[in-house]
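The primary structure of each chain is shown beneath.
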Amino acid sequence: GGGLGIPYDGQKGVSLQEYGQMVEDLLLPLGCRILCEPGRILVGPFGTLLTRVEYIKKSPYKNFAIVDTGMHHLIRPALYRAIHRIQKVSSGQEETSELYDIVGPICESSDFLGKDRYLPLLKQGDILAILDAGAYGMSMSSFYNHHELPKEVIFEKKK
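Procedures and definitions
- Residues numbered from 1 in each chain as written.
- Predicted model: local features only at pLDDT ≥ 70, side-chain atom pairs only at ≥ 80, totals over all residues.
- Heavy atoms only, no water.
- pLDDT = per-residue confidence, 0-100.
- Helix = DSSP H or I, 4+ residues; strand = E, 2+ residues; numbered from the N terminus.
- Buried < 20%, exposed > 50% of the residue type's maximum accessible area, 1.4 Å probe, protein only.
- Lys, Arg positive; Asp, Glu negative; His and termini not counted.
- Salt bridge = Lys/Arg side-chain N within 4 Å of Asp/Glu carboxyl O.
- Patch = residues over 30% accessible without salt bridge, like charges linked within 9 Å, V, L, I, M, F, W, Y side chains within 5 Å.
- Areas by Shrake-Rupley, 256 points an atom, 1.4 Å probe, with all protein chains shown as cover.
- Core = buried A, V, L, I, M, F, W, Y, C linked by side-chain atoms within 4.5 Å.
- Contact = heavy atoms within 4.5 Å.
- Phe/Tyr/Trp six-rings, centres within 6.5 Å; stacked < 30°, edge-to-face > 60°.
- Lys NZ or Arg CZ within 6 Å of the ring centre and 35° of its normal.

1. Looking at the confidence of the model for the chain
So, point 1. Overall, the prediction assigns the chain a mean pLDDT of 86, with 95% of residues at 70 or greater.
So, point 2. Strand β2 (residues 63–67) holds the highest mean pLDDT among the elements of the chain, 97, whereas helix α1 (residues 16–27) holds the lowest, 83.

This is how it looks when you write it as structure tokens:
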């Protein structure tokens, strides 16, 4: 399988220790060598895709936040409806929220990062953070429609 996943809804998931203990309890009595792919749990939570709201499109039925990234930079939502948490990057508390679909600049119906998301009121220029993009984010991004790859910045904690 794909290893141990992560809870993209922000809920607490299984820890590596709990998972390791479960695997050990099940397989150790068999006397076999255990090889295991740890999966997204190691890197998923440590990647965030930042994007800028290009414009807001409102209709009587739905609000769309069109952003400067999309399925070409994070294909998981388009490919298999993966749900990533999306937050507005702001300095203050905002009380008003609206329902949005967060969509990209590619002219494809599958170019979305999140559907039916309640977010603080958005406007052109706002920055959004798509969380838990560390697993398969950059490695699955592409030059689709001649768009550049996203810039990658790595922060290392000083010892």
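2. Considering the side chain of D111
So, point 1. Within the element layout of this structure, D111 appears in the loop between β4 (97–103) and β5 (112–120).
So, point 2. Of the buried charged residues, D111 lacks a salt bridge, with K115 as the closest side chain of opposite charge at 11 Å.

3. Observations concerning a nonpolar patch on the surface
So, point 1. On the surface, a nonpolar cluster with roughly 470 Å² of combined accessible area is contributed by M22, L26, L27, L30 and I34.
So, point 2. Its location among the elements puts L26 in helix α1.
So, point 3. Its relative accessible area of 58% is what places L26 among the exposed residues.

4. A look at the nonpolar core
So, point 1. Within the largest apolar cluster, 14 residues are counted, with the highest numbers of intra-cluster contacts made by I86, I102, L113, L122 and L128.
So, point 2. If you list the elements that add at least two residues to this core, you get β1 (49–58), β2, β4, β5 and β6 (127–130).
So, point 3. In this view, L122 contacts I56, A65, K88, Y100, I102 and L128; residues no more than four positions away in its chain are not counted.

5. Thoughts on the packing of aromatic side chains
So, point 1. According to the stated counting rule, one finds zero aromatic pairs in the structure shown.
So, point 2. When the ring centre of F64 is taken as origin, the NZ or CZ atom of K57, which lies over that ring, is 5.8 Å away.
So, point 3. Here K115 stacks its cationic end above the ring of F112, 4.3 Å away from the centre of that ring.

6. Let's talk about unusual backbone geometry
So, point 1. Non-glycine residue R81 carries a positive phi angle of around 55°.
So, point 2. Mapping R81 onto the fold places it in the loop between α2 (76–80) and β3 (86–89).
So, point 3. Overall, the relative accessible area of 58% leaves R81 in the exposed class.
So, point 4. In this model, D132 sits at a positive phi of 60°, which is unusual for a non-glycine residue.
So, point 5. In this fold, D132 is placed in the segment after β6.

7. Quick look at the environment of S141
So, point 1. Secondary-structure assignment places S141 in the segment after β6.
So, point 2. The buried category is assigned to S141, whose relative accessible area is 13%.
So, point 3. It is 9.5 Å that separates the C-alpha atoms of S141 and G70, two residues lying 71 residues apart in sequence.
So, point 4. Apart from the residues within four sequence positions on either side, S141 is in contact with H72, H73, L149 and P150.

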